[in-house]
Amino acid sequence: MAPAQSDNTSFTASYAITQADIDAGEVVNQATAEGTAPNGTMVSDLSDESVLTEDDPTVTILCQNASIAIIKEGTFVDGNGNQCADPGETIEYEFTVVNTGNVTLSGVDVTDPLVTVAGGPIVLAPAQSDNTTFTATYSITQADIDAGEVVNQATASGTSPAFMIVTDLSDESVLTEDDPTVTILCQNASIAIIKEGTFIDDNGNQCADPGESIEYQFTVVNTGNVTLSNVVVTDPLVTVAGGPIVLVPAQSDNTSFTATYTITQADIDAGEVVNQATAEGTTSNGTIVSDLSDESVLTEDDPTVTILCQTASIAIIKVGTFIDGNGNQCADPDETIEYEFTVVNTGNVTLSNVTVTDPLVTVTGGPIVLVPAQSDNTSFTAIYTITQADIDAGQVINQATAEGTAPNGTLVSDLSDESVLTEDDPTVTILCQNPAIALIKEGEFPPTPNGGGCPVEGDVIEYTFTVVNTGNISLNNVTVTDPLVTVVGGPISLGAGQTDATTFTASYTITQADVDAGFVTNQATAEGTTPGGVVVSDLSDDEAVSYTHLRAHETDSY
């Protein structure tokens, strides 16, 4: 080079920048120029970056762009394997930290307001990614499940070589974004209700009566995994008292809701009260869940059936009244007995098709319907025509039968009593008996064999006896006896009012004493036995003595 000559083309060099250079932010160095004078002297100079007379190193500034990014991912861990979140189960968080700048970052750490992050701090070279160092576990709460998600962000921070701290809020998938990480928690909102009915036997008769009650208890259970508010119970049968309440998952409540139902006759006739209640609750997102009640199992929806005992029974009173048609104060054939039937429903269910039958008479009236405790003494009547056999028996005895059909088709019946509902004695209508007998004894003096007008010893008197049943009952073993003669004929039977003038006869042979006395006098006796064994008798001519006068051409009997 000649003096004052400058050359800027002959010498060039290239330097490959290192990460350390970038981390330093510059490359600093000096070159040395040497040359030889004509006399052989070696001359040199350290380079300057701008002034020929100075020897400052050349400094090449390298730009520094320190930055960091973080991805936060949450994975739900289903501890019990029920495919849904439960309090105490966890979310496992994985943090991927990336150096998105061009300088090495030291003291790289991750913090999270939701969890304690394990791992770090670490050093990250530019573009380096780390997804294993930082982890965290979050324990799920009921509030999280009620919200249906866990939302949060972590922060990654690091320090550049220039001691500048860089940070980044996490994103759940994209390095260049800062959206919170949302871990969805499944929500399974559900409710169940048990409805139990207890019959209250107020009068202690062991059976249901109208006006008694059923006490209902409702057990409401949150069978889902989210809290339910505004939990209420409704029932079309009753007004439910209590509520609304709040139920957390798995919580059961059997005290808040109650109801009382008043039993009707229709319920007792049905033999049961059947109904269902409905439980409703509202989730935090406004979803309404409901369930129809079951009587014992939370997972079923069968109506609650409260059995009401049924005691179907009937009773009948049969009363007979003798109608004295001719006013003689005693029964006669073809007079009547009027029967009145009082039918009572002695059970606790309504009886339909209530009828009365009687083997003795044709009962008119009915069928009718009787509610419990109802008595009817007007619907059923009957008339019986008295026979001689009834009068002979002195009474008419018989029983009627009342029948009715319960709501379940059961047929109930009762034999009649004459006065007491709980007994079954036949109805006895007493018929007055007036047994009586009368006897007329007549003697006929025949013409004398000697043709004279007066009898003589040896003549015969022929006696005839007329026996009359003057009572109102038949007489058996009717006989006639006479201390004077032997009466032939009989015994016979005589119906009431019947007369017999042919059966009994007798003959008497006149003695001289009779002729001397001028008459023959005596009385016969008629006897008969009633069907009841009563013996009645009568002296002939009832009250007078029969006399046969022995006078010429004349016979008088009196």
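Residues numbered from 1 in each chain as written. Predicted model: local features only at pLDDT ≥ 70, side-chain atom pairs only at ≥ 80, totals over all residues. Heavy atoms only, no water.

Colleague: Break down the overall build of the chain for me, citing the residues and quoting the values.
Modeller: In terms of helices and strands, the chain carries five helices and 44 strands. Compactness check: the chain gives a C-alpha radius of gyration of 66 Å against a globular reference of 24 Å for 558 residues, more than 25% above the reference. Over its C-alpha atoms, taken along the principal directions, the chain stretches across nearly 245 × 30 × 30 Å. Counting all 558 residues of the chain, 40% fall into the buried class. Sequence separation of at least 24 residues holds for 64% of the intrachain contacts in the chain that already meet a minimum separation of 6. Carbon and sulfur atoms make up 52% of the accessible area of the chain, which amounts to about 28,100 Å² in all. Positive and negative side-chain charges of the chain, numbering 5 and 80 respectively, have mean locations separated by a distance of 34 Å. (Helix = DSSP H or I, 4+ residues; strand = E, 2+ residues; numbered from the N terminus. Rg over C-alpha atoms; globule rule 2.2 N^0.38 Å. Buried < 20%, exposed > 50% of the residue type's maximum accessible area, 1.4 Å probe, protein only. Contact = heavy atoms within 4.5 Å. Areas by Shrake-Rupley, 256 points an atom, 1.4 Å probe, with all protein chains shown as cover. Lys, Arg positive; Asp, Glu negative; His and termini not counted. Charge placed at Lys NZ, Arg CZ, Asp CG, Glu CD.)

Colleague: Give a detailed account of the side chain of N275, specifying residues and quantitative values.
Modeller: Examined against the element boundaries, N275 turns out to sit in strand β21 (residues 272-275). Of the polar contacts made by the side chain of N275, one reaches the side chain of D235; its length is 2.8 Å. Apart from residues no more than four positions distant in its own chain, N275 is found in contact with K195, Y216, D235, L237, P303 and T304. (Polar contact = N/O pair within 3.5 Å; in protein donor to acceptor, adjacent residues only side chain to side chain.)

Colleague: Describe the sheet that holds strand β8 (residues 122-124), and please don't skip the residues or the numbers.
Modeller: The strand order β8-β7-β12-β13 describes an open sheet built from four strands, whose pairing is antiparallel. Across the chains shown, the open sheet's two edge strands, defined by having one partner strand only, are β8 and β13 (165-169). Between one strand axis and the next, the sheet turns through 30° on average, direction left out of account. As paired elements, strand β12 (residues 155-159) and β13 share five bridges and run antiparallel to each other. Bridge assignment links S157 to a residue of β13, and that residue is T167. (Pairing = 2+ DSSP bridges. Axes fitted to C-alpha atoms, helices over the stretch in contact; angles between N-to-C directions.)

Colleague: Outline the confidence of the model for the chain, listing residues and values.
Modeller: On average, residues of the chain carry a pLDDT of 92, and 96% of them reach 70 or more. Low pLDDT (under 50) marks residues 542-558, which in the prediction has 50 contacts with non-local residues, meaning those over four places away or in another chain. (pLDDT = per-residue confidence, 0-100.)

Colleague: Which residues make up the state of the cysteines, and what values go with them?
Modeller: Disulfide: a covalent bond connecting the sulfur atoms of a pair of cysteines. Inspection of every chain in the model, using the stated rule, returns three disulfides. Between C84 and C186 runs a disulfide, and the two sulfur atoms are separated by 1.6 Å. Of this pair, C84 sits in the loop between β5 (68-77) and β6 (90-99) while C186 sits in the loop between β14 (181-184) and β15 (191-200), and the two are 102 residues apart along the sequence. With relative accessibility at 10%, the residue C84 sits in the buried group. The partly exposed category is assigned to C186, whose relative accessible area is 28%. Note on cysteine connectivity: C330 is disulfide-linked to C432, with sulfurs 1.5 Å apart. In this pair, C330 is assigned in the loop between β25 (314-323) and β26 (336-345) and C432 in the loop between β34 (427-430) and β35 (437-444), connecting sequence segments 102 residues apart. By sequence-ordered numbering of the bonded cysteines, the chain has its disulfides arranged as 1-2, 3-4, 5-6. (Disulfide = S-S within 2.5 Å.)

Colleague: Explain a negative patch on the surface to me, using residue names and the numbers behind them.
Modeller: Taken together, E73, E94, E172, E177, D178 and D179 make up a surface patch of like negative charges. As for its position among the elements, E73 is in strand β5. (Patch = residues over 30% accessible without salt bridge, like charges linked within 9 Å, V, L, I, M, F, W, Y side chains within 5 Å. Salt bridge = Lys/Arg side-chain N within 4 Å of Asp/Glu carboxyl O.)

Colleague: Residue-level account of the environment of I440, with values.
Modeller: By secondary structure assignment, the location of I440 is in strand β35. What makes I440 partly exposed here is its relative accessible area of 38%. I440 sits 48 residues away from V488 along the chain, and the two C-alpha atoms are 15 Å apart. Non-local contacts of I440, meaning those with residues more than four positions away in its chain, are made with T464, F465, T466 and D541.

Colleague: Describe in detail the nonpolar core, supporting the description with residues and values.
Modeller: Grouped together as the largest cluster of nonpolar side chains are 51 residues, with contacts concentrated most on F218, V220, V233, F341, V343 and V356. Every residue in contact with F218, bar those within four places of it in the chain, is listed here: I193, I194, K195, V233, D235, V240, D253, N254, F257, T258, A259 and A277. Within the second largest apolar cluster, 30 residues are counted, among which are I22, I70, V97 and V115. (Core = buried A, V, L, I, M, F, W, Y, C linked by side-chain atoms within 4.5 Å.)

Colleague: Residue-level account of the sheet that holds strand β27 (residues 351-357), with values.
Modeller: Read across the open sheet, the four strands follow the order β28-β27-β32-β33; overall the sheet is antiparallel. The sheet is open, and its two edges are formed by β28 (368-370) and β33 (411-415), each paired on a single side. Strand after strand, the sheet turns through a mean of 30° between neighbouring axes, direction not considered. Pairing analysis gives two bridges linking β27 to β28, with the strands arranged antiparallel. Among the inter-strand pairings, L351 is bridged to a residue of β28, identified as L370.

Colleague: Account for the environment of E423, with residues named and values stated.
Modeller: Take E423: it is sitting in the loop between β33 and β34. Measuring from C-alpha to C-alpha, the distance between E423 and I317 comes to 9.2 Å, with 106 residues separating the pair along the chain. In contact with E423, not counting residues within four places along its chain, are L415 and D417.

Colleague: With reference to specific residues and values, describe the packing of aromatic side chains.
Modeller: Summed over all chains, the structure comprises two aromatic pairs. Ring geometry for Y216 against F218: centres 6.5 Å apart, planes inclined by 35°, an arrangement best described as tilted. Taken as a pair, Y216 and F218 share a single burial class, namely buried. Here the aromatic rings of Y339 and F341 are separated by 6.5 Å at their centres, their planes lie at 35°, and the arrangement is tilted. Taken as a pair, Y339 and F341 share a single burial class, namely buried. A cation over an aromatic ring shows up here: K318 above the ring of Y339, its NZ or CZ 4.1 Å from the ring centre. Here K441 stacks its cationic end above the ring of Y463, 4.3 Å away from the centre of that ring. (Phe/Tyr/Trp six-rings, centres within 6.5 Å; stacked < 30°, edge-to-face > 60°. Lys NZ or Arg CZ within 6 Å of the ring centre and 35° of its normal.)

Colleague: Break down a nonpolar patch on the surface for me, citing the residues and quoting the values.
Modeller: A cluster of nonpolar residues, V28, V59 and I61, forms a patch on the protein surface that exposes about 250 Å² of accessible area. As for its position among the elements, V28 is in strand β1 (residues 26-29). We classify V28 as partly exposed; its relative accessible area is 42%.

Colleague: Tell me about the side chain of E89, and name the residues and values.
Modeller: Position of E89 among the secondary structure elements: in the loop between β5 and β6. Buried charge without a partner: E89 forms no salt bridge, and the closest opposite charge is K72, 18 Å away. Here E89 is in contact with F76, V77, D78, G79, N80, N82, C84, Y138, S139 and I140, once residues within four sequence places are set aside.

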